Amino acid sequence: MAEIGHIGARGGRNGFNLVEVVLALAVVGVGLVSVLGLMPIAVKAGTDSLTQNYAAESVDYFLHVFATTLKDPANDYRNWDDFGQLLPADKPGAAEPTTAWTPSPWGNTPNTQIFYGGDRRQYYKIIRLGIASGHPDFSAVYRIWTSPLKCWRYEDDAWQEDDLDSSHARAIHLEVSWPAEAVYSQRRKTLYYLEVFKPI
């Protein structure tokens, strides 16, 4: 009678032993912890980028509204003197109005509120409301100051620099710092500049 061969014999291994499973889980765990550790950084970077865009948009809007207001011919260009000529020649310090913020008579929209303060109207606060929530989602403080505009003329075989008359031309400097709720030293800050000419 012929001999029957051994049935079910295996030449290799199937499955994993406990040590291999533990090592694989450890590697996966380290990867997950690393990814989760990066999440707060990614969220902060996204938030910073969003607020940076808000700040740039708000300043662009404000400066053009401010320039248009200064050049308004109503009342013999009263805004040029009351809001432009009144500005200090140096950057305002860190001390901001705490309660004496006056609602701005111009520049407000249903989602944007503007206030000014300071003895020379050198501080402005902007609050942007969320479209859906109606709650503030961005707030910033502007520090505004002014300087003479320079012009060059060629006279006596040489170029000479002059200051333009401040009653007709001003350089407006603006520093935006946000969020307004934080102390000044802990805010993010950016500088902007705009030249404004009063029509003659």
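Remember, predicted model here, so these are calculated numbers, not experimental data.

Basis of the calculations
- Residues numbered from 1 in each chain as written.
- Predicted model: local features only at pLDDT ≥ 70, side-chain atom pairs only at ≥ 80, totals over all residues.
- Heavy atoms only, no water.
- Buried < 20%, exposed > 50% of the residue type's maximum accessible area, 1.4 Å probe, protein only.
- Helix = DSSP H or I, 4+ residues; strand = E, 2+ residues; numbered from the N terminus.
- Pairing = 2+ DSSP bridges.
- pLDDT = per-residue confidence, 0-100.
- Salt bridge = Lys/Arg side-chain N within 4 Å of Asp/Glu carboxyl O.
- Contact = heavy atoms within 4.5 Å.
- Axes fitted to C-alpha atoms, helices over the stretch in contact; angles between N-to-C directions.
- Core = buried A, V, L, I, M, F, W, Y, C linked by side-chain atoms within 4.5 Å.
- Patch = residues over 30% accessible without salt bridge, like charges linked within 9 Å, V, L, I, M, F, W, Y side chains within 5 Å.
- Areas by Shrake-Rupley, 256 points an atom, 1.4 Å probe, with all protein chains shown as cover.

Looking now at the pairing of strand β4 (residues 136-147). In terms of residue burial, β4 counts as a mostly covered element, since 10 of its 12 residues are buried. Taken together, the 7 bridges between strand β3 (residues 123-129) and β4 define a ladder with antiparallel strand orientation. Among the inter-strand pairings, Ile127 is bridged to a residue of β4, identified as Ser139. From the end of β3 to the start of β4, which pair antiparallel, there are 6 residues, and Gly134 there has a positive phi angle of about 75°. Here β4 pairs with strand β7 (residues 169-178) via 7 bridges, running antiparallel. Along β7, the bridge assignment pairs Arg143 with Glu175.

Glancing now at the confidence of the model for the chain. For the chain, per-residue confidence averages 86 on the pLDDT scale, and residues scoring 70 or more make up 91% of the total. Here helix α1 (residues 18-70) stands out as the element of the chain with the lowest mean pLDDT, 83, in contrast to β7, whose mean of 95 is the highest.

Now for the pattern of salt bridges. When the charged atoms of two side chains with opposite charge come close together, those side chains can pair. Under the defined criterion, the tally for this structure stands at 8 salt bridges. Put simply, Arg153 and Glu155 hold a salt bridge, and the shortest N to O gap is 2.2 Å. On the basis of relative accessibility, which here comes to 36%, the residue Glu155 falls in the partly exposed class. Within this structure, Glu96, Arg143 and Arg187 form a network of salt bridges that share partners.

So, on to the sheet that holds strand β1 (residues 102-103). Judged by pairing direction, the sheet is antiparallel, and its 6 strands sit side by side in the order β1-β2-β3-β4-β7-β8 without closing on themselves. The open sheet is flanked by β1 and β8 (188-197), the only strands paired with a single partner. Helix α2 (residues 74-85) contacts β2 (112-117), β3, β4, β7 and β8 of the sheet and is inclined by roughly 50° relative to β7.

Below, the discussion takes up the nonpolar core. Considering soluble globular proteins, one finds that nonpolar side chains tend to be buried as a cluster. Ranked by size, the top nonpolar core spans 27 residues in total, and within it Phe62, Phe66, Tyr124, Tyr142, Ile144, Ile172 and Leu174 carry the most contacts. With 9 residues, the top contributor of residues to this core is α1. Residues contacting Phe66, with those up to four places away along its chain left out, are Phe83, Leu87, Trp106, Tyr124 and Ile172. In terms of nonpolar packing, the next biggest core, distinct from the first, is built from 7 residues, Tyr123, Leu129, Val141 and Ala180 among them.

Attention now moves to a nonpolar patch on the surface. A contiguous nonpolar surface patch, about 560 Å² in accessible area, is contributed by Phe16, Leu18, Val21, Val22 and Leu25. The exposure class assigned to Phe16 is exposed, which follows from its relative accessible area of 70%.

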